[in-house]
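# Results of the structural survey
Okay, here's what each chain looks like letter by letter:
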Amino acid sequence: MNKAISALNEIYNRCVDYFFYLAGTLVIIMLLIIVTDVILRYTIKGTIVWGFEFTEYSLIYITFLGTAWLLKHDHHVKMDVLLVSLKPAAQAYLKLIASLI
């Protein structure tokens, strides 16, 4: 049973890492599309028709693809003013509630 859980945990970790790199790739693609669109707009008065929609949808996907990685590595933004003043048991309890929410 432990081997199965360990294997599932490894699959989960690889998926989280893959999604993180996919989000990073989307950021780079967005950067290239926006820069190309601006250059085209000011040089030949043209534009990439689908560029704006792609960047809109990419922003949504980047948010959700990168969130699991941030939570896994504890890099997300948090307000810990109350948390640091509590005992470790109470901190763990509040972290559990926040994760469930």
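Our next topic: the overall build of the chain. A count of helices and strands for the chain gives three helices and zero strands. Each helix (α) and strand (β) of the chain, taken in turn from the N terminus, gives the series α-α-α. Computed over the C-alpha atoms, the radius of gyration of the chain is 20 Å, more than 25% above the 13 Å expected from 2.2 N^0.38 for a compact globule of 101 residues. Across the 101 residues that make up the chain, the buried fraction comes to 15%. Of the contacts made within the chain by residues no fewer than 6 positions apart, 58% connect residues no fewer than 24 positions apart. Computed over 8 positive and 7 negative side-chain charges, the inter-centroid distance for the chain is 8 Å.

Okay, the side chain of Thr 55 next. Tracing the sequence through the fold places Thr 55 in helix H2 (residues 51-72). A distance of 2.7 Å separates a polar side-chain atom of Thr 55 from the backbone oxygen of Phe 52. Look past the residues within four positions of Thr 55 in its chain and what remains in contact with it is Met 30 and Ile 34.

Let us now look at the packing of aromatic side chains. Tallying each qualifying case throughout the model produces four aromatic pairs. An aromatic cluster is present here, built from Phe 20, Tyr 21 and Trp 69 joined pairwise through their rings.

Moving on, we get to the confidence of the model for the chain. Across the chain, the average pLDDT comes to 90, with 100% of residues at 70 or higher. The lowest-confidence element of the chain is helix H3 (residues 88-100), averaging 86 in pLDDT; the highest-confidence one is helix H1 (residues 2-43), averaging 94.

Note on placement: Ala 68 falls in helix H2. Ala 68 sits 56 residues away from Tyr 12 along the chain, and the two C-alpha atoms are 10 Å apart. For Ala 68, the contacting residues outside a window of four places in its chain are Tyr 12 and Val 16.

A few words on unusual backbone geometry. Here Lys 45, not a glycine, exhibits a phi torsion of approximately 55°, which is positive. Within the secondary structure, Lys 45 sits in the loop between H1 and H2.

How two helices pack is summed up by the angle between their axes together with the distance between the axes. At their nearest, the axes of H1 and H2 sit 8 Å apart, and the two run at 150° to each other. As the angle between them shows, H1 and H2 are arranged roughly antiparallel. Seen along the crossing, H1 lies across H2 with a hand that is left-handed. Its residues placed into classes, the contact of H1 with H2 shows 19 nonpolar, five polar and two charged.

Reading guide: rules and limits
Residues numbered from 1 in each chain as written. Predicted model: local features only at pLDDT ≥ 70, side-chain atom pairs only at ≥ 80, totals over all residues. Heavy atoms only, no water. Helix = DSSP H or I, 4+ residues; strand = E, 2+ residues; numbered from the N terminus. Rg over C-alpha atoms; globule rule 2.2 N^0.38 Å. Buried < 20%, exposed > 50% of the residue type's maximum accessible area, 1.4 Å probe, protein only. Contact = heavy atoms within 4.5 Å. Lys, Arg positive; Asp, Glu negative; His and termini not counted. Charge placed at Lys NZ, Arg CZ, Asp CG, Glu CD. Polar contact = N/O pair within 3.5 Å; in protein donor to acceptor, adjacent residues only side chain to side chain. Phe/Tyr/Trp six-rings, centres within 6.5 Å; stacked < 30°, edge-to-face > 60°. pLDDT = per-residue confidence, 0-100. Axes fitted to C-alpha atoms, helices over the stretch in contact; angles between N-to-C directions. Parallel < 35°, antiparallel > 145°, perpendicular 65-115°, else oblique. Left-handed = near helix turned anticlockwise from the far one by under 90°. Nonpolar A, V, L, I, M, F, W, Y, C, P; charged D, E, K, R; others polar.

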